[in-house]
Structure formats: C-alpha cells, structure tokens
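# A structural walkthrough
Chain by chain, the residues run as shown.
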Amino acid sequence: NHSDFQTVPVDNTYREVVVHHNREFQRYALENGVYFGPVDDDEIERLQYMHMVFNMMFENRLLFPPIPRPRRILECGSGSASWAMEVAEQYPECEVIGLDIYPYPMPADLPANLDLQIDDLNSPSTFPSNYFDLVHSRMMVGGIHANRWQNYLNDMLRVLRPGGWCQMVEIYFNVQSDNGTLTANHALQVWSQNYMQSIQAYKDPRAPLRLQNWMTQAGFVEVESRLLSLPLSPWSNDIFSDHNGHLDPREREIGEANRANVHRLLSSIAVYPFTQALGMTLADVQLLVAQARSEADNPAFKAYFPVYVCIGRKPGGSRQRHSDSHKSHHPSKGGRHSDSRKRARH
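Residues numbered from 1 in each chain as written. Predicted model: local features only at pLDDT ≥ 70, side-chain atom pairs only at ≥ 80, totals over all residues. Heavy atoms only, no water.

### A few points about the sheet that holds strand β5 (residues 114–118)
In spatial order, the strands read β5-β4-β3-β6-β7-β9-β8; together these 7 strands make up an open sheet with mixed pairing. The sheet is open, and its two edges are formed by β5 and β8 (221–231), each paired on a single side. Here the strands of the sheet are splayed against their neighbours by 15° on average, with no regard to which way each runs. Bridge count between strand β6 (residues 132–138) and strand β7 (residues 160–171): 6 bridges; the pairing is parallel. Bridge pairing links histidine 136 to glutamine 167 in β7. Those strands touched by helix α5 (residues 149–159) are β3 (72–76), β6 and β7, and its axis lies near 145° from that of β7. The sheet contacts of helix α8 (residues 249–268) involve β8 and β9 (304–313), and relative to β8 the element is tilted by about 80°. (Pairing = 2+ DSSP bridges. Helix = DSSP H or I, 4+ residues; strand = E, 2+ residues; numbered from the N terminus. Axes fitted to C-alpha atoms, helices over the stretch in contact; angles between N-to-C directions. Contact = heavy atoms within 4.5 Å.)

Rendered as structure tokens:
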C-alpha cells in the first residue's frame, strides 16, 4: 500500500550499487534488466542539466495541459527529482508523489508536499483508481520494458481522476540531421544504431514515436503530440528564424545548454549496454563517444535529437472549456519546431 510507504525503510537491495568502468549502477536495475544508466553523482548532475534544457525548451512550463488547481500529481521516473521539486514548490497545495527505482540522494530542503517513493514502474500500479489530476512521465524509454508500455498507459489512465491528464516527454535517441551530411558511417549514427540495438532485448527505443497511438488505444481523449528538435550543440545560428527572417536566439541557447548534457549522456547511457550487450571493449566505446561528441559539436551537421511531447485526458470529469483552442497547452511556439508533419527517420 503506497499511502503508508513512507513509514517503511527503503529495502537495502535498492540501495546496492555495482561499479562498471568507473561508473556506479544500481545492482537491482541491472540484474532485473530495468535500467542500464548509472546512478552516481555525475549522472545526477547530468539529469539536472537535462531538466534545465527541458525548462528552456518548454519556456519554464511544467504542466502543459490546463490544470488550474492540481491536488495530486504523480511523476513516474523522478530521477534527480528536479521536475517534482519545482512542481511541488509551484503548487504548494498539491500533493506531489515521485516514483523511481533508485533512492537517489535528495537535497535536505525537499518541499513538505513532495513524497519520493521507490518502485519499479514495470510492475502494475498499486495506487487507487481516480486519484491523480496529472501523471507525468519523462525519459522512461530506458526504463519501461518493451512489452509493458500499453499496460503502463492503462495504469496511468486508471489512477487518473476522470478529466485528469497524462503528460509524456521522450527523446528518440536516434540522432538526426536534415541537411544530408550525417551518413550511416558517422559516429553519431553508429552510436544511435548501437544504442537502439543494445537495449532492444529489454526496451523499445522507438517507443517515443508510438506514444500518441498508445495513449489513444488506452482510452485517452484529446490526445495531442508534438515533435520538437533538440539541437546537440549551439549550431542553430542560421536556420531557425521567424517569418521575418529573424534568428531565434532561444534555439542557440538551448543548443548551448544541451551540449554539456549530450557530452555526458553519449557516454553514460552507452557504457553498460555497449560493453555488455554488444561486447564492445571500453576503449572502443570511448573512441566512438569521442568521435560522436566532436560531430555533435560540429555546426555543419546540425545534429539534433527528436523529442516527442504527448498529452491526453481521461474521459469524464467536470471541467471548463477554455475559450482558445488547445494552443495553450503546447510547450513550443510555431515555426519549424511544432510542425507535426515532420517525421524523424526511424
């Protein structure tokens, strides 16, 4: 029973870490095929960077759907708890629950309305039905089992109150370039194909492309999806412009901020699966990562990750129709970024 979970000390099996190639991983996650990324201080710092990058992309909007006074919010895969803490501070009347498989060390000044719990999101949810106003799931592709996604969404639908919202954000870790310069032989493409292959026995690296369909199949209504581009570095000084031809300095800032995140993740999320699943040596991984980093920084490639943002509402519930259409939900303004016709290369 989750409601009295906080009175139970965290089982030490969740705290145990193992070291691979100088990075700390959660033993439970590796042994159960739950998650293959490290859980050390370097990775916590990277997750905080990534949260900052998302905040820039989403113009500091934490909740995309219209929820004027949320009472209960669930975050799946809270990690460093950056998002959960900000939401708890922004909505002090709201009870925020963050779930993660690993008990990350938390800052001493956690908001009183934030409760962090340890759970494997691959197991059926034990929360009561019709309970939350919003369920938030971000960067879970590396954690949810490939055959679990539809039940994961069914669980979210069940625990939401009628009229409640689901909000999902996922990076598709298949580096793209729209100008034809990035070929299959380039390190960024080799890294992408290796990453997708290395986790495929457990995970679905293409899940981001399917969120919208899965949400609809689960029974969500008013489902909307946006495809955004996350530049790997500040290359975007000549391509993003508004209708008057003015450059959008935000894109350059986002690329600048994302550079540190990308440099770290190209190594951190690859070390274990590349060496264990693909049998690469650490030296081979390090060489590939070094080459991929320099390509990521090269403005000629204009390399980016596709980011899929998806929201949907549980049917029912009383709610006010908001006068302007759904434009209000979206974390991106017009232009190239919100063009849902654009399709990532699979």
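### Notes on the nonpolar core
A general feature of soluble globular proteins is that nonpolar side chains tend to end up buried together. Ranked by size, the top nonpolar core spans 70 residues in total, and within it Trp191, Phe305 and Val307 carry the most contacts. A per-element tally of this core places helix α3 (residues 41–57) first, with 6 residues. For phenylalanine 305, the contacting residues outside a window of four places in its chain are Ile171, Tyr172, Phe173, Asn174, Val175, Trp191, Leu228, Ser229, Leu230, Leu232, Val262 and Leu265. One finds Leu121, Leu153, Leu160 and Met215 within the second-largest nonpolar core, a separate group that totals 28 residues. (Core = buried A, V, L, I, M, F, W, Y, C linked by side-chain atoms within 4.5 Å. Buried < 20%, exposed > 50% of the residue type's maximum accessible area, 1.4 Å probe, protein only.)

### Description of unusual backbone geometry
Here the phi dihedral of asparagine 22 falls at roughly 70°; this positive angle occurs in a residue that is not glycine. Turning to its location among the elements, asparagine 22 is positioned in the loop between β1 (17–20) and β2 (23–26). Taking relative accessible area as the criterion, asparagine 22 reaches 75% and is therefore assigned exposed. Even without a glycine there, the phi angle at asparagine 130 is positive, about 55°. Positionally, asparagine 130 belongs in the loop between β5 and β6. On the basis of relative accessible area, asparagine 130 is assigned to the partly exposed category, the value being 44%.

### Brief notes about the side chain of aspartate 40
Relative to the helices and strands, aspartate 40 resides in the loop between α2 (27–31) and α3. Of the polar contacts made by the side chain of aspartate 40, one reaches the side chain of arginine 23; its length is 2.8 Å. In terms of polar contacts, aspartate 40 uses its side chain to reach the backbone amide nitrogen of glutamate 24, at 3.1 Å. Those residues in contact with aspartate 40 that lie beyond four places of it in its chain are Arg23 and Glu24. (Polar contact = N/O pair within 3.5 Å; in protein donor to acceptor, adjacent residues only side chain to side chain.)

### What to know about the pattern of salt bridges
Tallied over the entire structure, the rule returns 14 salt bridges. Residue arginine 72 is joined to glutamate 95 by a salt bridge in which the shortest nitrogen-to-oxygen separation is 3.5 Å. Taken together, the positions of arginine 72 in strand β3 and glutamate 95 in strand β4 (residues 95–100) put the pair 23 residues apart, joining distant regions of the chain. A relative accessible area of 30% means that arginine 72 is categorised as partly exposed. Among the ionic pairs, arginine 313 bridges to glutamate 222, the shortest N-O distance being 3.0 Å. (Salt bridge = Lys/Arg side-chain N within 4 Å of Asp/Glu carboxyl O.)

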